[in-house]
Amino acid sequence: MRPLTPRRILWTCAGLCGLLFVVVVISLRMGAYPISVRDIVDTLYKAAVGRREEVPVEFWQVVFGLRLPRIALGILVGASLSTAGAGFQALLRNPLADPYVLGVSSGAALGAIISLIAAPHVVGAIQIAAFIGAASTIAGVYFLGRRGGQLDSPTLLLAGIVAASFLSAIIMFLLTMVTGSELRSIAFWLMGDLTAPPPTTNVLGWLGFLFFVFIVAAGAMYTTSSDLNLILTGEQEARHLGVNVNRVKFVVYIAASVLTGLAVSVSGAIGYVGLLIPHVMRMFFGTDYRMLIPTAAIGGAIAIVLADTLARTVVAPTELPVGAMTALAGAPVFIYLMRRRMR
Amino acid sequence: MGASRKSGNLPELVEADTLRERECGDKPRSVREAFLLEKTFTRARGKIVCIIVALACCHAVRAAGSAVQAASDKRAVKIVTDETGRRVAIPLSVQHIVTLAPNLTETIYALGLEDKLAGDTSYCDTPAAAKLKPHVGSPQTPSLEAIVALHPDLVLATTSINRPETVDALARLGIAVYTSDPHTVRGMLDSIARMADLVGAGEQGAALVAQLQARLDAVHARIAELPLVHVLFVVWEDPLITIGQNTFIADALRWAGAESAIVAEQNWPQLSIEEVVRVQPEYIVLTPNHAESDAASKSSELESLRARPAWKALKAVELGHIVVASDEFDRPSPGLIGAIEQLARELHPEAFALNASGGNFVGGAGLQMKMAASAWMKKECVSCAL
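Residues numbered from 1 in each chain as written. Chains lettered and ligands numbered in written order. Predicted model: local features only at pLDDT ≥ 70, side-chain atom pairs only at ≥ 80, totals over all residues.

### Structural notes on the overall build of chain A
Worth spelling out the cut-off: Only DSSP runs of H or I with at least four residues qualify as helices, and only runs of E with at least two residues qualify as strands; both kinds are numbered from the N terminus onward. For the radius of gyration, the atoms used are the C-alpha atoms, and the globule rule reads 2.2 Å times the number of residues raised to 0.38. For the exposure call, what matters is how many other C-beta atoms sit within 10 Å of a residue's own: 20 or more marks it buried, 12 or fewer exposed, and in between partly exposed, using C-beta atoms placed from the backbone. Placing C-beta atoms from the backbone, we regard two residues as in contact once those atoms come within 7 Å.
Along its length, chain A carries 14 helices and two strands. The C-alpha atoms of chain A give 21 Å as radius of gyration, which agrees with the globular expectation for 343 residues (20 Å, within 12%). Here chain A holds 343 residues, and 56% of them are scored as buried. Sequence-distant contacts in chain A: of pairs separated by 6 or more residues, those separated by 24 or more amount to 75%.

Set out below in structure tokens:
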């Protein structure tokens, strides 16, 4: 293994960003509405120089109204889930951990369902209620998962799993109360779906706010990455080496939970990405968290944008929920990569 | 690469620490922090690019929104409130319609407006010509891009099958969406009249509604004196799901002289078979298996019910009191009236035995009735077009 240098991290991330760019271009090009690369470039160029009146209205609608916001949301959700997954895997010292293992998604789903029953058709209610549900679950599991005043990984894991199954049971009960269009909305939400329009008409502000939260949470997790590497060898050893284990765990727990809550609130529970992408990145780039966190973030973004592009195109004009696509494509790809690395 | 060749993760994670120590552990803390900072910047750079892209998108989205606004301002519009309470600006002259549900497609055909129908969903199979229209996907997950590509002046949606998210997203693109929300048969007729008005076919709409209402009244006149038949309407057999009191189907049943034997507040309650045995419905109404004709499916349904231990004890099954309703029954569309007529005939044959030659009732079993109804629909379309 070559030594991990800042230069190497930089180049790896730059390469992945290049890959993300290619995927974004492909995603912009593909879709039920036929539009050539030239037209896309032309539309983007005219948008940049402020000559928008020269572009056909439909190109605007397709490129700026439909595809770009969806790609931006996909990047955000993929990066958040994957970063959160990497965080939980370290925090719980369990390779099976994913962003949903501690019940954050169940809490968010419960919030969303309650909002659909109590206030159907209120714009934005579902996102806000989902985030409140996620935040309450985060707090509840935090207090249940402490032992002797500090976060204890096995206790936390058990508390989270029990909370998740309890919340799921409540969801099952409530689902029998919901009918018609609410049931359809919630089914899509549970599968994970990027098509829900944002709760405000100010798409710029909305995406800006989401990215700001992402950067704060992911940045906070990144500051602990060196310490996380130490904690992974054993908490006792890390303590002896001067790591404030409790503080690190608290930061990682809050950051990973906020990232999960953020992603789940806007897109529902998209599965697999948060579990698989950190492992894929470990296979390619090693297990050092200073490398893993940024590569997982970009890799998650690539995975979701790619999956969403497939979801939009494989059975066009009908669209699949992106969560169905990540689960369908994620498992075989992961098995393939894992077997290939073992050879 | 020795560490990462291992398949499990924990061994790898353990190795990470030694790597870390090898690389950074021996460096002074300031160097390590510089390293962190530098990487933070690297990461930040990716994010900055993302933000710039996002900002550009959003700026453009806003611009696109205003462009759409400008485009629609140039044309005369009328502001209407749709059946879900949303305010919609609809062009005075509607030339391109996209329907997002089978019943809406059927309504457009019944109004004789098929030339204005630019696209429908892959579920739209009635009349057969609707299958040849460009499809925009399924009612629940249509492709918004495909809808944009058809340049619709008006998109018709319904709360009974479309998602509110789809309506919101289309409205944000500046596309006029009218959502219908009928809960009763009369509500459906009102909704047809309103939609006909919107697309500039008010007269055809009024004529169609009057005709459908006349048919309903004719059925009602024959069965008004008779007691309601208690039926079990089977929405789904396994698990057994029936209808609640407030559904559209419950209202249609009442028009056909029947009443759901199950009283439920929920719209689609799941039942235990014990409850069915307890209430002993007089008739069991099933929705058909599309592959078979009505007559064939009735006998095969009866056979399959008689093969089940709990069901064969039901009096209705013993007596063969099973009706396969037309699949129009669960669609709030003009074809529903024909389905109501058919069901009324099956449940109250005595009321239709007299004067069978008069009026619209050609006589015969459900299959013939359905054929007659559809032939009639065609005639209506022609007369509306004229």
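So much for the structure itself; the text now carries on.
### What to know about the sheet that holds strand S3 (residues 97–99) of chain B
All names here are of chain B. The following threshold applies: Strand pairing follows a simple DSSP-based rule, namely that at least 2 bridges must link the two strands. Here an angle of 0 to 180 degrees is reported between the N-to-C directions of two axes, which are lines fitted to C-alpha atoms, with helices fitted over the stretch in contact.
Spatially, the four strands line up as an open sheet ordered S4-S3-S5-S6, and their pairing is parallel. Across the chains shown, the open sheet's two edge strands, defined by having one partner strand only, are strand S4 (117–119) and strand S6 (177–180). Within the sheet, the average angular offset between the axes of one strand and its neighbour, ignoring direction, is 35°. By the bridge criterion, four bridges tie strand S5 (residues 154–158) to S6 in an arrangement that is parallel. Looking at the pairing, Leu156 lines up with Tyr178 of S6. Together, S5 and S6 form the strand contacts of helix H6 (residues 164–172), whose direction differs from that of S6 by roughly 160°. Relative to the sheet, helix H7 (residues 185–198) contacts S5 and S6, its axis offset from that of S6 by approximately 165°.

### Considerations on helix H13 (residues 289–313) of chain A
Our working definition: What a helix should span is 1.5 Å times the count of its residues minus one.
When the terminal C-alpha atoms of H13(A) are compared, their 35 Å separation across 25 residues agrees well with the 36 Å that a helix rising 1.5 Å per residue should span. The buried fraction of H13(A) amounts to 23 of the 25 residues, a majority that puts the element mostly inside the structure.

### A look at the pairing of S5(B)
Residue and element names in this part refer to chain B. Condition: Here the term right-handed applies to a crossover when the path leading from its first strand over the helix to its second strand runs clockwise, the strands being oriented away from the viewer.
Burial within S5 is extensive, with five of its five residues counted as buried. Taking every second residue as pointing to the same face, both faces of S5 are buried, with Leu154, Leu156 and Thr158 on one and Val155 and Ala157 on the other. Bridge count between S3 and S5: three bridges; the pairing is parallel. Following the sheet pairing, Ile97 is matched in S5 by Leu154. What joins S5 to S6 is H6, and the crossover it makes is right-handed.

### So, the nonpolar core
One recurring pattern in soluble globular proteins is that nonpolar side chains are buried together. Convention followed: Here, a nonpolar core means buried Ala, Val, Leu, Ile, Met, Phe, Trp, Tyr and Cys residues linked by C-beta atoms lying within 7 Å of one another.
With 203 residues, the main nonpolar core has A:Ala112, A:Val252, A:Leu259, B:Val155, B:Ala252 and B:Ile340 as its most contacted residues. Top element by residues in this core is helix H3 (residues 57–91) of chain A. It accounts for 21 residues. Once residues lying within four places of it in the same chain are set aside, the contact partners of B:Ile340 are B:Leu216, B:Val219, B:Ala252, B:Trp255 and B:Ala256.

### Side note on the sheet that holds strand S10 (residues 322–324) of chain B
All names here are of chain B. Spatially, four strands are ordered S8-S7-S9-S10 in an open sheet, and the strand pairing comes out parallel. Only two strands of the sheet have a single neighbouring strand rather than two, namely strand S8 (258–260) and S10. Put simply, the sheet's adjacent strands are angled 35° from each other on average, direction ignored. Of the pairings in the sheet, the one linking strand S7 (residues 229–234) to S8 comprises three bridges and is parallel in character. Bridge pairing links His230 to Glu259 in S8. Contacting S7 and S8, helix H9 (residues 248–255) runs over the sheet at an angle of about 150° to S8.

### Here we look at the packing of H7(B) against helix H8 (residues 202–223) of chain B
All names here are of chain B. As a reminder of what qualifies: Throughout, the term roughly parallel applies to angles under 35 degrees, roughly antiparallel to angles over 145, roughly perpendicular to angles from 65 to 115, and oblique to all others. Note: crossing handedness is left-handed where the near helix turns anticlockwise from the far helix by less than a right angle, and right-handed where it turns clockwise. The residue classification treats Ala, Val, Leu, Ile, Met, Phe, Trp, Tyr, Cys and Pro as nonpolar and Asp, Glu, Lys and Arg as charged. All others, Gly included, are polar.
Between H7 and H8, whose axes approach to 7 Å, the crossing angle comes to 165°. The angle between H7 and H8 falls in the class roughly antiparallel. Regarding H7 and H8, the two cross each other, and that crossing is right-handed. Residues Val185, Leu189, Ile192, Ala193, Ala196 and Asp197 of H7 form the contact with H8, whose participating residues are Gly202, Gln204, Gly205, Ala206, Leu208, Val209, Leu212, Gln213 and Leu216. Its residues assigned to classes, the contact of H7 with H8 comprises ten nonpolar, four polar and one charged.

### Some words on the packing of helix H4 (residues 104–118) of chain A against helix H11 (residues 245–267) of chain A
Residues and elements named next belong to chain A. Interhelical geometry of H4 versus H11 gives an angle of 40° and a closest axis separation of 9 Å. Our classification of the angle between H4 and H11 gives oblique. Both H4 and H11 take part in a crossing whose hand is right-handed. Where H4 abuts H11, its residues Val104, Ser105 and Ala108 lie against Ser257, Thr260, Gly261, Val264 and Ser265. Its residues assigned to classes, the contact of H4 with H11 shows three nonpolar, five polar and no charged.

### Observations regarding the confidence of the model for chain B
Atom-level detail of predicted coordinates should not be read off regions where pLDDT is low. Residues and elements named next belong to chain B. Condition: As a per-residue measure, pLDDT tells how confident the predictor is, with possible values from 0 to 100.
On average, chain B scores 74 in pLDDT, and the residues at 70 or more come to 69%. Segment residues 1–46 is flagged for pLDDT under 50; beyond a separation of four residues in sequence, or across chains, it makes 63 contacts in the model. Here residues 356–386 is modelled with pLDDT under 50, and outside its nearest four sequence neighbours on either side it reaches 41 contacts, counting other chains as well. Reported for the predicted complex are a pTM of 0.75 and an ipTM of 0.77.

### Re the environment of A:Arg312
All names here are of chain A. Relative to the assigned elements, Arg312 resides in helix H13. You can call Arg312 buried: it has 28 C-beta atoms within 10 Å. Counting along the chain gives 79 residues from Arg312 to Thr233, while the straight-line C-alpha distance between them is 43 Å. If near-sequence neighbours (up to four positions away) are discounted, Arg312 is found in contact with Met30, Gly31 and Glu319.

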